[in-house]
Amino acid sequence: MDAVELFREFYLSLGMSLRALIEYKMRKRGATVSDLFERPYLLYFYVAQDLGPHNAELIINLFVEFARRRKIDTKIAGEALRSPEGWRRFVQYLESL
């Protein structure tokens, strides 16, 4: 299972209005969606910075639920978007499946 494809599927599963808001805020900071797909943990960072930490936690919870439905360890998924190290562990976990 490819971690980037899984993240892309998750991101596209978010509602269009939420994605539009996130992308608008990212563009204001000089970032693009391709930056997000290269470093998925930036999603948490951008949402926390621009929409507040409570909304960033909501994104984490949505990702964990998305992972749970695909039988992925929710603890590892919960850390995946929080930091580069969490994402690295998530990628390694998926590669081991």
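Look above for the structure.
Residues numbered from 1 in each chain as written. Predicted model: local features only at pLDDT ≥ 70, side-chain atom pairs only at ≥ 80, totals over all residues. Heavy atoms only, no water.

K.L.:
Hey, could you run me through the nonpolar core in this one?
P.N.:
Most often, soluble globular proteins keep nonpolar side chains buried together rather than apart. Ranked by internal contacts, the top residues of the largest apolar core, which has 33 residues, are Phe 7, Leu 43, Leu 81 and Phe 90. Elements with a minimum of two residues in this core: α1 (3-13), α2 (16-28), α3 (33-38), α4 (42-51), α5 (53-69), α6 (74-80) and α7 (84-96). Here the element with the most residues in this core is α5; it accounts for seven residues. If near-sequence neighbours (up to four positions away) are discounted, Phe 7 is found in contact with Leu 36, Phe 37, Pro 40, Leu 43, Phe 63, Leu 81 and Trp 87. (Core = buried A, V, L, I, M, F, W, Y, C linked by side-chain atoms within 4.5 Å. Buried < 20%, exposed > 50% of the residue type's maximum accessible area, 1.4 Å probe, protein only. Helix = DSSP H or I, 4+ residues; strand = E, 2+ residues; numbered from the N terminus. Contact = heavy atoms within 4.5 Å.)

K.L.:
Looking at this model, I keep getting lost on the packing of α1 against α5. Mind explaining?
P.N.:
Geometry of a packed helix pair, given as the angle between the helix axes and the separation of the axes. With their axes 11 Å apart at the nearest point, α1 and α5 run at an angle of 120 degrees to one another. Taken together, the axis directions place α1 and α5 in an arrangement best described as oblique. Considering the relative orientation of α1 and α5, their crossing is right-handed. Packed against α1, whose contacting residues are Leu 6, Phe 7, Glu 9, Phe 10 and Ser 13, the element α5 presents Ile 59, Leu 62, Phe 63 and Phe 66 at the interface. (Axes fitted to C-alpha atoms, helices over the stretch in contact; angles between N-to-C directions. Parallel < 35°, antiparallel > 145°, perpendicular 65-115°, else oblique. Left-handed = near helix turned anticlockwise from the far one by under 90°.)

K.L.:
When you look at the packing of α4 against α5 in this model, what are you seeing that I'm missing?
P.N.:
Relative orientation of the contacting elements α4 and α5 amounts to 150 degrees, with a least axis distance of 7 Å. Considering their axes alone, α4 and α5 lie roughly antiparallel with respect to each other. The two elements α4 and α5 meet at a crossing, and its hand is right-handed. Where α4 abuts α5, its residues Leu 43, Tyr 44, Val 47, Ala 48 and Leu 51 lie against Pro 53, His 54, Asn 55, Ala 56, Glu 57, Ile 59 and Ile 60. Considered class by class, the residues forming the contact of α4 with α5 number nine nonpolar, two polar and one charged. (Nonpolar A, V, L, I, M, F, W, Y, C, P; charged D, E, K, R; others polar.)

K.L.:
I'm lost on the pattern of salt bridges in this one. Help?
P.N.:
Opposite charge on two side chains allows them to pair when their charged atoms are near. A full pass over the atoms with the stated rule returns ten salt bridges. Close ionic contact of Glu 65 with Arg 69 constitutes a salt bridge, the shortest N to O distance being 3.8 Å. Within this pair, Glu 65 and its partner Arg 69 are both found in helix α5, separated by four residues, close to a single helical turn. Residue classification places Glu 65 among the partly exposed positions, given a relative accessible area of 29%. On the basis of relative accessible area, Arg 69 is assigned to the partly exposed category, the value being 48%. What you see here is one network of salt bridges that share partners, running through Glu 57, Glu 79 and Arg 82. (Salt bridge = Lys/Arg side-chain N within 4 Å of Asp/Glu carboxyl O.)

From the geometry alone we can't say anything about function, so treat these as descriptive.
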